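Okay, here's what each chain looks like letter by letter:
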Amino acid sequence: MTVTYVIDGSGVTGLDSFWVVIGEAVNGPGGYFGRGLDAFADCLRGGMGTPDDDDFVIEWRDHEMSARALGHEETARYLRGLFPRAHVSNLPRLREELARAEDGRGPTLFDRLLEIVREETAPGTLRLL
C-alpha cells in the first residue's frame, strides 16, 4: 500500500521550518527527517520513517509558497552559514554561489530539495500541487 506524505507548503517559511514540516509529514508531530541536505538525502534512501518497500509518494501542496520561501534570499542566508565550516579549498566556489544567490541567479534551496527527492526516489514519487 502506497504511503502518502503531505508537505504543507504554506508552513514552509524557510529552511528551518522545512525540516519541521517534512519531519512531521513523515514521522508525525515532532517527527524528525533530517536537518541538512545530506541527511535529507539519506532519509529518502530508506531511513527515518520511509516504508521499507520504498512505496511512498510525497505530495508537496502549495509548493509555490515554499518555492518563494526557499528562494534566492534564503539560499544566500544558508550559504553564508556554510562559510565558518567550509574547507578553504571550497571557499571560492562558495563565494561564487553566494554572489549568484545574492543577485537572484542560480539554483535555490527549493531547486536543490526537488533535485534530492528526484535523485533519491523512484520516478513519480514527488507530486507538486
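Residues numbered from 1 in each chain as written. Predicted model: local features only at pLDDT ≥ 70, side-chain atom pairs only at ≥ 80, totals over all residues. Heavy atoms only, no water.

Novice: What is the right way to read the overall build of the chain from this model?
Specialist: When its secondary structure is counted, the chain shows six helices and three strands. Ordered by position in the sequence, the α and β elements of the chain form the string β-α-α-β-α-α-α-α-β. On C-alpha atoms alone, the chain measures out to a radius of gyration of 15 Å, which is about the 14 Å that the 2.2 N^0.38 rule sets for 129 residues. For the chain, the spread of C-alpha atoms along the principal axes amounts to about 45 × 30 × 30 Å. The burial tally for the chain puts 40% of its 129 residues in the buried class. When contacts within the chain are restricted to residue pairs at least 6 apart in sequence, those whose partners lie at least 24 apart make up 62%. With 14 positive and 22 negative side-chain charges, the chain shows a separation of 6 Å between the mean positions of the two kinds. (Helix = DSSP H or I, 4+ residues; strand = E, 2+ residues; numbered from the N terminus. Rg over C-alpha atoms; globule rule 2.2 N^0.38 Å. Buried < 20%, exposed > 50% of the residue type's maximum accessible area, 1.4 Å probe, protein only. Contact = heavy atoms within 4.5 Å. Lys, Arg positive; Asp, Glu negative; His and termini not counted. Charge placed at Lys NZ, Arg CZ, Asp CG, Glu CD.)

Novice: Would you take a moment to explain the sheet that holds strand S2 (residues 56–61) for this structure?
Specialist: What links the strands of a sheet is backbone hydrogen bonding, and the strands pair in either a parallel or an antiparallel sense. Read across the open sheet, the three strands follow the order S1-S2-S3; overall the sheet is parallel. This sheet does not close on itself; its edge strands, each paired only once, are strand S1 (3–8) and strand S3 (126–128). Here the average twist between neighbouring strands, direction ignored, is 20°. Summarising the sheet, S2 and S3 pair through three bridges and their orientation is parallel. Within the sheet, the bridge partner assigned to Trp 60 lies in S3 and is Leu 128. Where helix H6 (residues 109–120) meets the sheet, it contacts S2 and S3, and its direction lies at approximately 145° from that of S3. (Pairing = 2+ DSSP bridges. Axes fitted to C-alpha atoms, helices over the stretch in contact; angles between N-to-C directions.)

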